[in-house]
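Spelled out from the first residue to the last, the chains are:
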Amino acid sequence: MGEHFFAESFDRGTLDSWVLSKAKKEDIDEDIAKYDGKWEVEDMKDSKLPGDKGLVLKSRAKHHAISAQLLRPFIFDTKPLIVQYEVNFQQGIDCGGAYVKLLSQTPDLNLDEFVDKTPYTIMFGPDKCGEDYKLHFIFRHKNPKTGEYEEKHAKKPDADLRTYYTDKKTHLYTLVVNPDNSFEVLVDQTVVNSGNLLTDMTPPINPAAEIEDPDDHKPEDWDERPKIQDPDAVKPEDWDEDAPKQIPDEDAVKPDGWLDDQPEYTSDPDAVKPEDWDEDMDGEWEAPQIPNALCETAPGCGAWQRPMIDNPNYKGKWKAPMIDNPNYQGVWKPRKIANPDFFEDLHPFRMTPFNAVGLELWSMSSDIFFDNFFITNERHTAERWANDGWGLKKAAEGAAEPGLVNQMMTAADERPWLWVVYVLTVAVPLILIIVFFCTGKKQEDDVLRRSPRNTKGRKD
């Protein structure tokens, strides 16, 4: 039988079970160090379900931190972990996160002092800055040899996440982590990422059994050259290194009508020296040059020169040909040794227990709406909770959707290339149908005019 560890729908309209952080971030400016971003419980701005309240991040460019205790700690044993909650970016999102942290059960956990460095077991949820759309699943793994923690990041989803950040709809984010180390990330109950903790996290859970010996060094006489110049090669006696690459074309003939005595450019006869021209300061004035009008109809002006062509005798600087290096030893690599830090953890699912959930966020956008947080170890229970919460929002938003034509117009405004698709899939077939029927009607009329029933009174 499944059990739930946390459930919050904000129906009471208060923050009674949540704790606002009173702490400051370290190592940053005093002006922005405080977690003084505001939170409110209120209706969605464009709510389709009046009275359905949620937790709303209200401030821009401020640090926000709020958390709540679980009913009981979650222990990673023989049952899965399911975490889900809803997010609506009511004002869109420029740069900011909407992820949750599952705060590790530690003796000194104090929700009043919740900050970015508070130990967490899992971080999960959407995050965006610029055109970088992320859906985090990160967990902190404890090294069994050193006791130190290291963040492990799930591979990036293959799915296109853009719509979830831009459509201003309520989306349901779900994380499922199973005792067999498999995991799934879902949005709106559809899997967008999945994998295994042992094979799909970066950096990997387990280090390599062997590493390169840091004390091994390449010998000075190690030869890594696969090819060398042939030491026995000799430059041919007739090799002329001084031959030019190009020579004048001796077969070229000066075109008829070439104006040898005419320059390509001539002084502008209409130019007038400016009145403020000072020859002592500006030098002797000369009229600006313009193209010679006589050259416009001629094949060319000025001293004719033969065009240059490639020299058939050009060989360039002689180099000995390359041959296989008889002393080639391959690319040198340090020898492998046993990794002194090696360990093998085959059960990374057994993470640090957690006993609180928190939102520790910075955002350049306000009015991020959260609702229906739920943490359980039974998937069907989570699905029922989702259907009772997000399912209602989805149905209400769907009922308020504009008609098909309006949806197509809106989509094309955001993606202008869709107009091409509309023309090819709607307009062109429609025109062809009209042409077909009109042509068919004309042919039918011609047949009727020629039919026996329309020949009464006709004289042959």
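Calculation rules
- Sequence order sets the numbering: in each chain, residues are counted from 1 along the sequence as written.
- Two thresholds apply to this predicted model, a pLDDT of at least 70 for residue-level local features and 80 or more for giving and counting side-chain atom pairs, whereas whole-chain, interface and lining totals are computed over all residues.
- Side-chain measures here rest on the full set of heavy atoms in the structure, leaving out hydrogens and waters.
- Here a strand is any run of E in DSSP of at least two residues, a helix any run of H or I of at least four, and the numbering for each starts at the N terminus.
- Buried, partly exposed and exposed residues are distinguished by accessible area as a fraction of the type maximum, computed with a 1.4 Å probe on protein chains only: under 20%, between the cut-offs, and over 50%, respectively.
- For every accessible area listed, the method is Shrake-Rupley and the probe measures 1.4 Å; residues are considered covered only by the protein chains on display.
- In this description, a disulfide is simply a cysteine sulfur pair whose atoms lie within 2.5 Å.
- Take the buried Ala, Val, Leu, Ile, Met, Phe, Trp, Tyr and Cys residues and link them wherever side-chain atoms come within 4.5 Å; each set so joined is a nonpolar core.
- Every residue pair with non-hydrogen atoms within 4.5 Å of one another is taken to be in contact.
- Geometry of aromatic contacts follows a simple scheme: Phe, Tyr and Trp rings, the Trp one being its six-membered ring, pair when their centres are within 6.5 Å, and the pair is stacked under 30 degrees between planes, edge-to-face over 60, tilted otherwise.
- Criterion for a charge above a ring: Arg CZ or Lys NZ at most 6 Å from the ring centre, at most 35 degrees from the ring normal.
- To obtain the arc, one takes the directions from the helix axis to the C-beta atoms.
- Pairing between strands is defined by DSSP: at least two bridges between them are needed.

Draft legend 1. Local environment of the overall build of the protein chain. Of regular secondary structure, the protein chain possesses seven helices and 25 strands. Here the protein chain holds 460 residues, and the buried ones make up 36% of them. For the protein chain, the exposed area adds up to about 28,800 Å²; of that, 52% sits on carbon and sulfur atoms.

Draft legend 2. Inspection of the state of the cysteines at higher detail. Tallied over the full model, the rule gives two disulfides. Residue pairing for Cys95: its cysteine sulfur links by disulfide to Cys129, the two sulfurs lying 2.0 Å apart. On the S-S bond that ties Cys95 to Cys129, the torsion sits near -95°, and the link is left-handed. Of this pair, Cys95 sits in strand S7 (residues 95-97) while Cys129 sits in strand S9 (residues 120-129), placing them 34 residues apart in sequence. Relative accessible area serves as the criterion here: at 42%, Cys129 is assigned to the partly exposed category. Here the protein chain pairs its bonded cysteines, counted in sequence order, in the arrangement 1-2, 3-4.

Draft legend 3. Structural view of the environment of Pro226. Topologically, Pro226 is positioned in the loop between strand S16 (210-212) and strand S17 (227-229). Pro226 gets classed as partly exposed once you look at its relative accessible area, which sits at 48%. Sequence-wise, Pro226 and Ile323 are 97 residues apart; in three dimensions their C-alpha atoms are separated by 8.7 Å.

Draft legend 4. Here's a closer look at the nonpolar core. Grouped together as the largest cluster of nonpolar side chains are 64 residues, with contacts concentrated most on Ile122, Phe137, Phe370 and Ile375. Ignoring sequence-local partners within four residues, the contact set of Phe370 consists of Phe10, Trp39, Gly54, Leu55, Leu57, Tyr85, Glu86, Val87, Ala98, Leu359 and Leu361.

Draft legend 5. Quick look at the packing of aromatic side chains. According to the stated counting rule, one finds 20 aromatic pairs in the structure shown. Note on Tyr85 and Phe373: the rings are 5.4 Å apart at their centroids and 5° apart in plane angle, and the pair reads as stacked. Placement of the pair is Tyr85 in strand S6 (residues 81-89) and Phe373 in strand S25 (residues 368-376), with a sequence separation of 288 residues. According to the relative accessible area criterion, Tyr85 is buried, its value standing at 0%. Among the aromatic residues, those joined into a ring-pair cluster are Phe6, Phe10, Trp18, Trp39, Tyr85, Phe124, Tyr173, Phe370 and Phe373. The lysine or arginine in question, Arg140, covers the ring of Tyr120, its NZ or CZ lying 5.7 Å from the ring centre. Sitting over the ring of Tyr149, Arg140 keeps its end group 4.5 Å from the ring centre.

Draft legend 6. A look at helix H5 (residues 390-399). Buried residues of H5: Trp390, Lys393, Ala396 and Glu397, and no others. Angularly, the buried residues of H5 cover 125° about the axis, an arc narrow enough to put them on a single face. Of the residues in H5, the exposed ones pointing more than 90 degrees away from the buried face are Ala395 and Ala399. Where H5 is buried, its residues meet S6, strand S12 (171-177), S25 and helix H4 (379-388).

Draft legend 7. Looking closely at the pairing of S25. Counting buried positions over the nine residues of S25 gives nine, a clear majority of the element. Of the pairings in the sheet, the one linking strand S1 (residues 4-8) to S25 comprises four bridges and is antiparallel in character. Looking at the pairing, Glu8 lines up with Phe373 of S25. In the sheet, strand S4 (residues 53-57) pairs with S25 via three bridges, with the strands oriented antiparallel.

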